[in-house]
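# Structural overview for review
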Amino acid sequence: MRTRLHALQGDITTLALDAIVNAANNSLLGGGGVDGAIHRAAGPALLQECRTLGGCATGDARITRGYRLPARHVIHTVGPVWRGGSDGEPALLASCYRRALELAAAHDIATLAFPCISTGVYGYPGHLAAATAVATVSANLAEFEGVVEVTFCCYSRNDLALYRALLSEGRP
Ligand code: AR6
């Protein structure tokens, strides 16, 4: 079977896919990191649409158009703040990936890229977050046949190495 999971290093705002995922906060009204980069690249109409959504719970996701981005849609999800790992963080992070895939499938999105959710300002250790990301997407992809290709878009070389190792371990 064709591999449906990939990792690359780069700026997620440059990817011309059906959707990119944003690591947002509960307000969905923008912020720093990848959220700031996505809002800058999409232009002010993205913020206008986000204002109509009424925020988003941690572990949940919302979808908007992509506006000036090369991606057609943005799926905004809110990762957990890392508080040591025993405050439900792994389940909440897994829920971000799962909910984003559900929304993608519901909107006929075939190609989708994730950033390393929660691993910046929110402090989630990169290796733990990568393991949860790969395990969750791998476990759920069979259910969403329309989602043909998932890209893990790593900003750092270190994250790319983590994902490459996890993805090649999963191959026969
Ligand atoms: N493309 C891909 N990945 C990126 C980019 C980019 N252009 N820019 C940063 N990253 P963060 P969080 C990576 O802090 O930890 C915001 O203020 C970055 O290297 O963006 O979920 C929100 O509004 C890291 O690996 O998100 C929230 O308040 C990853 O994206 C809060 O930060 C996530 O880092 C969310 O924190």
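You'll find the structure just up there.
In what follows, the accompanying structure is described. These numbers come from a predicted model, not from an experiment.

Okay, the site of the ligand next. With respect to spatial proximity, 21 residues lie near the ligand, and among them N25, G32, V34, D35 and G120 are the closest. Within the contact set of the ligand, an oxygen atom lies 2.8 Å away from a backbone nitrogen or oxygen of G120. Burial of the ligand by the protein amounts to 89% of the accessible area it has alone, namely 700 Å². In a pocket analysis with a 2 Å cut-off to the grid points, the ligand is assigned to the largest pocket. The greatest single-element share of the shell around the ligand, amounting to 4 residues, is contributed by helix α1 (residues 33-42).

Turning to the environment of A16, a few remarks are in order. With respect to the helices, strands and loops of the structure, A16 is situated in the loop between β1 (5-9) and β2 (19-24). In this structure, the C-alpha to C-alpha distance between A16 and G84, residues 68 residues apart in sequence, is 36 Å. Non-local contacts of A16, meaning those with residues more than four positions away in its chain, are made with P70 and A71.

Turning our eyes to something else, we now look at the layout of surface pockets. In this structure, the largest pocket occupies an estimated 560 Å³ of space. As for the largest pocket, its lining consists of 26 residues, and the residues nearest its centre are A23, G33, V34, D35 and G120. Breaking the lining of the largest pocket down by element, the ones donating at least two residues are β2 and α1. Among the elements that take part in the lining of the largest pocket, α1 stands out by supplying 5 residues, more than any other.

Rules and cut-offs
- Residues numbered from 1 in each chain as written.
- Predicted model: local features only at pLDDT ≥ 70, side-chain atom pairs only at ≥ 80, totals over all residues.
- Heavy atoms only, no water.
- Near = heavy atom within 4 Å.
- Polar contact = N/O pair within 3.5 Å; in protein donor to acceptor, adjacent residues only side chain to side chain.
- Areas by Shrake-Rupley, 256 points an atom, 1.4 Å probe, with all protein chains shown as cover.
- 1 Å grid on protein atoms, 1.4 Å probe; cavity = no way out; pocket = protein on both sides within 12 Å on 5 of 7 lines; lining within 4 Å.
- Sits in = over half its atoms within 2 Å of the grid points.
- Helix = DSSP H or I, 4+ residues; strand = E, 2+ residues; numbered from the N terminus.
- Contact = heavy atoms within 4.5 Å.
- Points joined across faces, edges and corners; volume = space filled by probe spheres on them.

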